[in-house]
Every structure is written in structure tokens, then in C-alpha cells.
Amino acid sequence: MSMPITQGLELTVKTLDSVVTSIRNNVLRSEGAIDKKAIGAVARLVELLEKTASTLEALSKKLVEVKGDFVEISPFFYLFKAGNNIVLLRTKPEHIALSFNLDSKTISIKTRQGELSVSQSGLIVKARGIAFEITPFTPEGFNARKDELRILLGIFEKTVYKRLIPNIEQKVLKR
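Residues numbered from 1 in each chain as written. Predicted model: local features only at pLDDT ≥ 70, side-chain atom pairs only at ≥ 80, totals over all residues. Heavy atoms only, no water.

Some remarks on the pattern of salt bridges
Okay, so step 1: Tallying each qualifying case throughout the model produces eight salt bridges.
Okay, so step 2: Salt-bridge contacts for Asp147 lead to Arg150; the nearest nitrogen and oxygen are separated by 3.4 Å. Taken as a pair, Asp147 and Arg150 lie in helix H4 (residues 146–173) at a separation of three residues, close to a single helical turn.
Okay, so step 3: Overall, the relative accessible area of 39% leaves Asp147 in the partly exposed class. (Salt bridge = Lys/Arg side-chain N within 4 Å of Asp/Glu carboxyl O. Helix = DSSP H or I, 4+ residues; strand = E, 2+ residues; numbered from the N terminus. Buried < 20%, exposed > 50% of the residue type's maximum accessible area, 1.4 Å probe, protein only.)

So, the packing of aromatic side chains
Okay, so step 1: The final tally for this structure, using the stated rule, is three aromatic pairs.
Okay, so step 2: Ring geometry for Phe137 against Phe142: centres 6.1 Å apart, planes inclined by 15°, an arrangement best described as stacked.
Okay, so step 3: Among the residues examined, Phe142 registers a relative accessible area of 1% and is labelled buried.
Okay, so step 4: The rings of Phe70, Tyr78 and Phe80 are connected pair by pair, giving a single aromatic cluster.
Okay, so step 5: The ring of Tyr161 has Lys51 lying over it, and the distance from NZ or CZ to the ring centre is 5.2 Å. (Phe/Tyr/Trp six-rings, centres within 6.5 Å; stacked < 30°, edge-to-face > 60°. Lys NZ or Arg CZ within 6 Å of the ring centre and 35° of its normal.)

Considerations on the sheet that holds strand S3 (residues 85–90)
Okay, so step 1: The strand order S1-S2-S3-S4-S5-S6-S7-S8 describes an open sheet built from eight strands, whose pairing is antiparallel. Since the sheet does not close on itself, it has two edges, and those belong to strand S1 (70–74) and strand S8 (130–134), each with one partner. On average, each strand axis in the sheet is inclined to that of its neighbour by 10°, with strand direction left out of account.
Okay, so step 2: Sheet topology note: the strand S6 (residues 114–119)/strand S7 (residues 122–127) ladder contains six bridges and is antiparallel. (Pairing = 2+ DSSP bridges. Axes fitted to C-alpha atoms, helices over the stretch in contact; angles between N-to-C directions.)

Observations regarding the nonpolar core
Okay, so step 1: Ranked by internal contacts, the top residues of the largest apolar core, which has 52 residues, are Ile23, Leu59, Leu79, Leu88, Leu123 and Phe142.
Okay, so step 2: Leave out the neighbours within four places in its chain, and Leu79 touches Ile5, Leu9, Leu63, Asp69, Phe70, Val71, Ile73, Ile86, Val87 and Leu88. (Core = buried A, V, L, I, M, F, W, Y, C linked by side-chain atoms within 4.5 Å. Contact = heavy atoms within 4.5 Å.)

Here you go:
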């Protein structure tokens with residue numbers, strides 16, 4: 001029996017909340033082990049993940065009666081199940097995909113400019129010819145990659161804050 005997409009969204013929210021808690025406990029609360037620039041970058045990452053989680057939670061509550069593996073939220077904006085992935089896809093005006101792998105419990109935000117993947121075990125960022133991984137979530141890992149993380153978070157913040165969340169709020173939550 002396959003998991004309904006609304007349950008997949010709920011599992012995505014729980015995974016994001018778990019990742020945020022892990023980052024807060026292991027990185028932000030480690031006094032003296034992380035410098036100020038890294039704290040700023042990590043705080044931006046946590047805020048991005050929290051806003052994504054809260055929007056997906058509101059979406060899952062709104063779509064609670066949905067049956068099946070495909071929902072057209074609006075023209076060019078879809079929620080569907082593909083294999084072991086729950087995918088939220090916006091195709092116009094900018095291609096954005098937020099996917100959740102049910103097996104590895106990995107959340108990925110993919111744009112034409114890059115990809116951010118986060119799971120309980122770590123973070124992988126690929127964009128603008130830069131690729132790095134922080135596993136597990138430690139202050140040392142964020143200190144070493146703080147400059148790259150600060151630069152690349154801008155891409156994903158722009159995508160999520162200006163393209164994904166407002167569209168979900170406008171098309172689904174205001175109905």
C-alpha cells in the first residue's frame with residue numbers, strides 16, 4: 001500500500017522540524033565553537049527550513065481530503081507522487097521542485113540555479129559551480145563552509161520566499 005501524498009507532506013514537515021532541532025541543538029547552542037558569520041548563515045538556513053515546513057504543513061492541512069497521487073494546485077503548479085518521492089513542482093515562470101524522498105527522508109529544493117538537499121544526516125548544496133556537504137551537523141562543518149553557505153543561501157531564499165511560499169499562499173491557503 002502506498003502512502004498518500006498528504007501523509008508524505010506531513011512526514012516532510014516532521015523531517016524538516018527534526019533537522020531544524022538538530023541544527024539548533026548541535027550548532028547554534030554550542031557556545032564559542034562557532035563564529036558570528038557562521039551563526040548568521042546557520043540562522044538563515046534554519047529560518048528557510050522553518051518557513052518551508054510551516055507552509056507545507058498548512059498545505060497538507062488544506063489538502064487533507066485529497067485522494068490519489070496527483071493534485072493540480074493551479075496551472076503550472078502540481079503536487080504528485082513519483083516512485084518514492086513526493087514532489088511539489090512549479091513549472092512557470094521559474095522551474096522549482098521541492099521533493100521528499102520517503103526512503104532516505106531527504107528534502108531537496110531544486111531550481112535551475114542549484115540544489116539544496118537536507119536530511120537528518122547532513123546538508124548538500126550545489127550551485128554556481130560550488131558543491132559542498134556538511135555531515136553531520138557540527139559547528140566545525142559550518143565554520144569551514146560559512147562563506148559558501150552565505151552566498152548560496154541567497155539563491156534558495158529568493159526561490160522559496162519570492163516564488164514558492166507566496167504561490168502556495170495565494171493559490172491554496174487563501175481559497
